[in-house]
Amino acid sequence: MKIVLDAGHGYQAVNRQTIDGMREYEFNRAVVHYARELLMRKPEMNVYFSHDDSRDVSLVERAKFSNRLKTDLFISIHANSYRGEEWNGVHGIETYIHRSMPIEAYRLAQRLQRNLIHHTQRLDRGIKTADFYLLREVNATAIICECGFMTNRDEARLLKTDRYRRACAKAIADSVLEHYFLYKNTAARKTLQYQ
Ligand SMILES: [Zn+2]
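Residues numbered from 1 in each chain as written. Predicted model: local features only at pLDDT ≥ 70, side-chain atom pairs only at ≥ 80, totals over all residues.

Engineer: Residue-level account of the sheet that holds strand S2 (residues 46-49), with values.
Structural biologist: Sheet strands line up and pair through hydrogen bonds in the backbone, either parallel or antiparallel. Sheet architecture is open: six strands sit in the order S2-S1-S3-S6-S4-S5, paired in mixed fashion. Two strands close off the open sheet at either side, each with one partner strand: S2 and strand S5 (124-130). Ignoring strand direction, the axes of neighbouring strands in this sheet form an average angle of 20°. Examined bridge by bridge, strand S3 (residues 73-80) and strand S6 (residues 141-149) share seven bridges and lie parallel to one another. The partner of Phe 74 across the bridge, within S6, is Ala 142. (Pairing = 2+ DSSP bridges. Helix = DSSP H or I, 4+ residues; strand = E, 2+ residues; numbered from the N terminus. Axes fitted to C-alpha atoms, helices over the stretch in contact; angles between N-to-C directions.)

Engineer: Explain helix H6 (residues 162-179) to me, using residue names and the numbers behind them.
Structural biologist: A rise of 1.5 Å per residue sets the reference length of H6, with its 18 residues, at 26 Å; its end C-alpha atoms lie 26 Å apart and thus fit the reference within 8%. Across the 18 residues that make up H6, a large majority, 13, are buried. Directly after H6, the chain includes Phe 181, whose backbone phi takes a positive value near 55°. (Expected span 1.5 Å × (residues − 1). Buried ≥ 20, exposed ≤ 12 C-beta atoms within 10 Å, placed from the backbone.)

Engineer: I'd like a description of unusual backbone geometry, backed by residues and values.
Structural biologist: Its identity as a non-glycine residue notwithstanding, Arg 83 has a phi of 45°, on the positive side. Mapped onto the secondary structure, Arg 83 falls in the loop between S3 and strand S4 (93-98). Its identity is not glycine, yet Met 101 carries a phi of approximately 55°, on the positive side. Here Met 101 shows up in the loop between S4 and helix H3 (103-120).

Engineer: Talk me through the nonpolar core; I want residue IDs and the actual numbers.
Structural biologist: With 51 residues, the main nonpolar core has Val 31, Ala 35, Ile 143, Cys 168 and Ile 172 as its most contacted residues. Ignoring anything within four residues of it in the chain, the contact list for Ile 143 reads Ile 75, Thr 95, Tyr 96, Ile 97, Ala 105, Leu 108, Ala 109 and Leu 112. (Core = buried A, V, L, I, M, F, W, Y, C linked by C-beta atoms within 7 Å. Contact = placed C-beta atoms within 7 Å.)

In C-alpha cells, the structure reads:
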C-alpha cells in the first residue's frame, strides 16, 4: 500500500497563515508527520511525502510525484481561511473530493470527515466537491482535508496546539486503516492511541 501524505503549500507561501501569523504549512506539516508515524506501524504501509521544507512544491510536481510512484492514496492536509483579512465566525472542518465523485474517494472522505469531527469535536461542514488541480490530476484516490479555519480565533488557537495536530493525524491514520481493513481487532487499534 503506497500512500502520499501531502502537506499543503510551504513555509514560503504568502497569505497562507492565521490572522496572528502562524504559517499554514507549519500545521499541515506537523499533521502529516504524526500521521505517517501512526501509519508506518503497519508493515503494509509505505508512506511518502510530496512536500519539501525548503520550497513550496508546485501542484504539478506533487501530482507527478504521486503518479510516478503509482500510489494508491493521496491525502492533502490544509487549514482553511475565509476572507483572510480579519477574524470572523466561519469555522469547522470540510473534506474535498473531485466533482466527478469518485466512489473510493467519497467513501474515504466520509470516514475521514467522521473521524476528524470525532477526534476534534469541531463543526462538521461536510464533504464538498471541487475541480481542484490535485483532485483532478492525481491518479490515486485523492482527497483534501481542510482541518479548521485560520481566520477563526478559536480554531487558529487550536491549529497551533500539538494536541489538535495529533488529533487530526489520528483521524487520518484511523481512516486509512479502516478503509483498507487493516485494523484486525480493537487491541491493534489501541496501540495506535497516543494518549
Ligand atoms: Zn491550504
